[in-house]
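One-letter residues, chain by chain:
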Amino acid sequence: MALFEQISNDIKEAMKAKDKVRLETLRNIKKCFLEAKTAPGANDTLTDDAALKIMQKLVKQGKDSAAVYAGQGRADLAEAELAQVQVIETYLPQQLSAEELEIRLRDIIARVGATSAKEMGKVMGVASKELAGLAEGRAISAKVKELLG
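Residues numbered from 1 in each chain as written. Predicted model: local features only at pLDDT ≥ 70, side-chain atom pairs only at ≥ 80, totals over all residues. Heavy atoms only, no water.

J.: Please provide a residue-by-residue account of the overall build of the chain, values included.
T.: If you tally the helices and strands in the chain, you get seven helices and zero strands. Taken from the N to the C terminus, the helices and strands of the chain come in the order α-α-α-α-α-α-α. Projecting the C-alpha coordinates of the chain onto the three principal axes gives extents of approximately 55 × 45 × 25 Å. Put simply, the chain has 149 residues, and 32% of those count as buried. (Helix = DSSP H or I, 4+ residues; strand = E, 2+ residues; numbered from the N terminus. Buried < 20%, exposed > 50% of the residue type's maximum accessible area, 1.4 Å probe, protein only.)

Okay, structure coming up:
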């Protein structure tokens, strides 16, 4: 089942269960999916890869918003954002641990032949494609800097 249909079905389940946080989050995801499907050039289709990218973006935005709220002393709003992030993360692939990320990046660095921080762009290009959905861009970038530095 495609992610779009899965989200639609889960909206119905959340309604039946009267789970307000899950329902609101899933409706927001579906809204973003519909916007992507109806965007110029999308031909009314949404691949699972595109759907995953949308959900990863929503997770990043939610975490960033929660950090801002926490910094402003609004723990209630931060908790609400993080609750929505948790719902979205249930649909995303399992993230790599720090150790797994380092192993994968060492392999990529060896394949690319990078030896210094000047070649970080080469490594990041390959790593971003191969590790898309498995690790955050910030984490990948920081680990590549550490390994090349």
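J.: Could you give me a rundown of unusual backbone geometry, with the residues and numbers involved?
T.: In this structure, K18 is a non-glycine residue whose phi angle is positive, near 55 degrees. A positive phi angle is found at D44, which is not glycine, with a value near 55 degrees.

J.: Tell me about the nonpolar core, and please be specific about residues and values.
T.: Membership of the largest hydrophobic core comes to 21 residues, with the highest contact counts inside it found for I7, L26, I29, F33 and M55. Of all the secondary-structure elements, those providing two or more residues to this core are helix 1 (3-17), helix 2 (20-37), helix 3 (48-71) and helix 4 (75-89). If near-sequence neighbours (up to four positions away) are discounted, I7 is found in contact with L26, I29, K30, F33 and Y91. One finds A127, A135, I140 and V144 within the second-largest nonpolar core, a separate group that totals 14 residues. (Core = buried A, V, L, I, M, F, W, Y, C linked by side-chain atoms within 4.5 Å. Contact = heavy atoms within 4.5 Å.)

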